[in-house]
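For reference, the chains in residue letters:
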Amino acid sequence: MRSAQGSSRALLCSTAFLLVLLSSASKDERDLQQRDVTFDLDKIMQEMQQPDSFMLQKEVDLSDLFDPKVDFGEQVIVPEQYDTLSERGRPSFGPRSFGGPPILEYPVEFPLARPSSDNLQAICLHGDRRPSYPDSYFPASGFGQQKRRASAVNKAESWFSTCCKGNETWGRDVTLCCATQAWELSVESFCEEDSSVKDRLYDCCRQTGRDRLNCFHNDAPNPNYEPTEELPVPPLPSSAGFSFDPNTCQRTVMTPYSVRGNRRKKVKKPSTSQKVDIDFPPGRPTVDAIESLCHNQKLRPLYTVKCLPGEGYEMLARQAKTINRIEKGFKQCCKKKQDVLNCADQKWRLELNRFCAGENGEQVDFHCCSTSQTAQDRYNCFQSISPDPHYNMTSAAEELSLTKICDTHKIIKKKFPVGFPLKSFMTQCCPLPDQDKTSCLEQKLKETSDKLCSSKKASPPAVRRCCRASSEEAPQCISKILMDAVTKATNVSRQKKKKRCPLS
């Protein structure tokens with residue numbers, strides 16, 4: 001009896017609970033109905049184009065989720081769309097959960113613009129004030145796309161330096177030709193490397209020929225090559241892979257006829273196996289350089305232009321004559337006991353201003369001579385491209401050695417006799433290759449020392465003093481006698497130095 005009553009009560013409770021649920025469902029029926037939802041596609045696409053919406057994390061206000069008045073059945077959540085690359089293939093910021101740090105934490109100023117007559121001076125003048133990218137700039141792994149772009153920039157800047165400083169004798173036209181070839185090669189090598197990896201190809205590399213080059217130029221963030229770094233950037237090791245031949249360029253030649261008529265004509269530079277060998281321009285005299293400028297003046301060459309072909313080398317001849325006039329002025333200034341630096345600096349500025357002005361006042365086609373710059377800019381340009389701005393290359397290059405005896409033995413015999421014959425030195429050692437000549441001279445010097453000191457014949461006082469020393473010190477003493485004579489003879493030969501040809 002009690003069991004039947006318990007079952008009836010359970011059935012009654014279950015029925016009541018079911019009725020409550022059905023009642024609740026009927027009230028909320030409107031909330032569970034499916035409805036058509038419309039999307040404003042234009043609005044969504046507009047939001048996707050906003051740069052701030054790319055891959056950015058945003059703060060979300062969750063208060064609406066807990067508002068009982070909000071009808072969640074009418075809300076539709078549309079996920080934001082992200083694109084990690086912009087139209088041209090440049091990287092944009094991305095969240096760290098999408099594959100590591102944002103790419104632009106390691107920005108690269110890429111690509112570079114096409115060299116032109118308008119930006120060539122800035123290319124050469126501001127090379128150390130534009131960014132470069134050493135290996136340490138990037139993490140050891142990842143960022144392959146940025147690394148390839150950085151490598152392209154490094155190559156181009158290194159090759160630009162070659163064009164600006166390697167052979168300033170070319171003049172503006174050929175220097176521009178060199179820079180253009182360097183830029184085009186850097187573009188082609190970048191596209192070749194970029195297409196060799198499984199990554200999104202830079203958009204300009206999908207094009208070919210002139211269209212590709214124009215695309216890179218139009219993408220350049222700094223088309224005028226303006227300086228962007230406050231402090232000079234340490235130079236990177238030079239990049240191999242670029243070899244420039246001036247013969248491949250058309251160059252502007254200033255002939256006497258064309259100068260008189262204030263006209264220029266394009267001719268091809270004569271093909272020749274000779275190389276330009278001239279140190280132009282000389283560095284500007286400074287407080288730090290004036291001592292070596294005067295001390296090493298006899299070591300620096302003067303030039304003759306009689307050896308140059310008549311056409312195609314007018315710029316080289318102009319540079320040679322300018323150096324000769326500057327060195328003549330330096331010689332006069334260095335003889336003074338006061339105000340030497342000011343004298344030398346005035347002479348340097350005077351002759352380089354004269355270099356930039358043609359015979360009839362026309363502008364010389366050399367990038368440091370641009371009329372758009374101030375006089376100080378011109379001087380800074382010449383100083384920046386000087387192969388020896390501090391006048392210290394000549395002293396190291398002319399360091400004397402025992403092998404100089406082969407060039408000076410006649411002067412030694414005539415003016416600075418050493419008290420022992422030198423014929424055996426000349427006949428046995430001087431014909432040998434340079435790598436064997438030194439060891440031969442040292443061996444011959446020891447034999448001569450032993451022979452002199454063991455001989456009973458009278459010797460000059462200096463030799464006798466050497467022979468009173470030990471057997472180990474005697475050859476060194478004899479060597480000093482010989483080197484003193486070599487030094488004196490070399491100074492004499494320098495005083496009689498002949499002008500050399502700027503072509504070798």
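Below, the structure is looked at part by part.

Details of the overall build of the chain
Thinking step 1. Secondary structure summary: the chain contains 17 helices and two strands in total.
Thinking step 2. Out of the 504 residues in the chain, the part that is buried amounts to 38%.
Thinking step 3. Long-range contacts, defined as pairs at least 24 residues apart, comprise 73% of the intrachain contacts of the chain with a sequence gap of at least 6.
Thinking step 4. By element, 52% of the accessible surface of the chain is carried by carbon and sulfur atoms, the whole surface being about 31300 Å².

Some points on the pattern of salt bridges
Thinking step 1. Scanning the model with the defined rule gives 15 salt bridges in all.
Thinking step 2. A salt bridge links Asp-345 to Arg-349, with the shortest nitrogen-to-oxygen separation between them at 2.9 Å. Placement of both Asp-345 and Arg-349 in helix α10 (residues 340-356) is noted, with a separation of four residues, approximately one turn of the helix.
Thinking step 3. For Asp-345, a relative accessible area of 11% translates into the label buried.
Thinking step 4. One salt-bridge network, held together by shared partners, links Arg-325, Lys-347, Glu-351 and Arg-354.

Brief notes about the nonpolar core
Thinking step 1. Of all hydrophobic cores here, the largest spans 41 residues; its most connected members are Phe-110, Phe-160, Trp-183, Phe-190, Phe-216 and Tyr-225.
Thinking step 2. When residues of this core are traced back to their parent elements, those giving at least two are α3 (120-125), α4 (144-165), α5 (172-194) and α6 (209-219).
Thinking step 3. Of the residues forming this core, the biggest block, 10 residues, is contributed by α5.
Thinking step 4. The contacts of Phe-190, once residues within four sequence positions are left out, are Phe-110, Arg-148, Arg-149, Ala-152, Tyr-202, Cys-205 and Phe-216.
Thinking step 5. Membership of the second largest hydrophobic core comes to 34 residues, among which are Ile-278, Phe-280, Ile-290 and Tyr-391.

Some thoughts on the side chain of Asp-219
Thinking step 1. Structurally, Asp-219 can be placed in helix α6.
Thinking step 2. A distance of 2.8 Å separates the side chain of Asp-219 from the side chain of Tyr-202, its partner in a polar contact.

Calculation rules
- Residues numbered from 1 in each chain as written.
- Predicted model: local features only at pLDDT ≥ 70, side-chain atom pairs only at ≥ 80, totals over all residues.
- Heavy atoms only, no water.
- Helix = DSSP H or I, 4+ residues; strand = E, 2+ residues; numbered from the N terminus.
- Buried < 20%, exposed > 50% of the residue type's maximum accessible area, 1.4 Å probe, protein only.
- Contact = heavy atoms within 4.5 Å.
- Areas by Shrake-Rupley, 256 points an atom, 1.4 Å probe, with all protein chains shown as cover.
- Salt bridge = Lys/Arg side-chain N within 4 Å of Asp/Glu carboxyl O.
- Core = buried A, V, L, I, M, F, W, Y, C linked by side-chain atoms within 4.5 Å.
- Polar contact = N/O pair within 3.5 Å; in protein donor to acceptor, adjacent residues only side chain to side chain.

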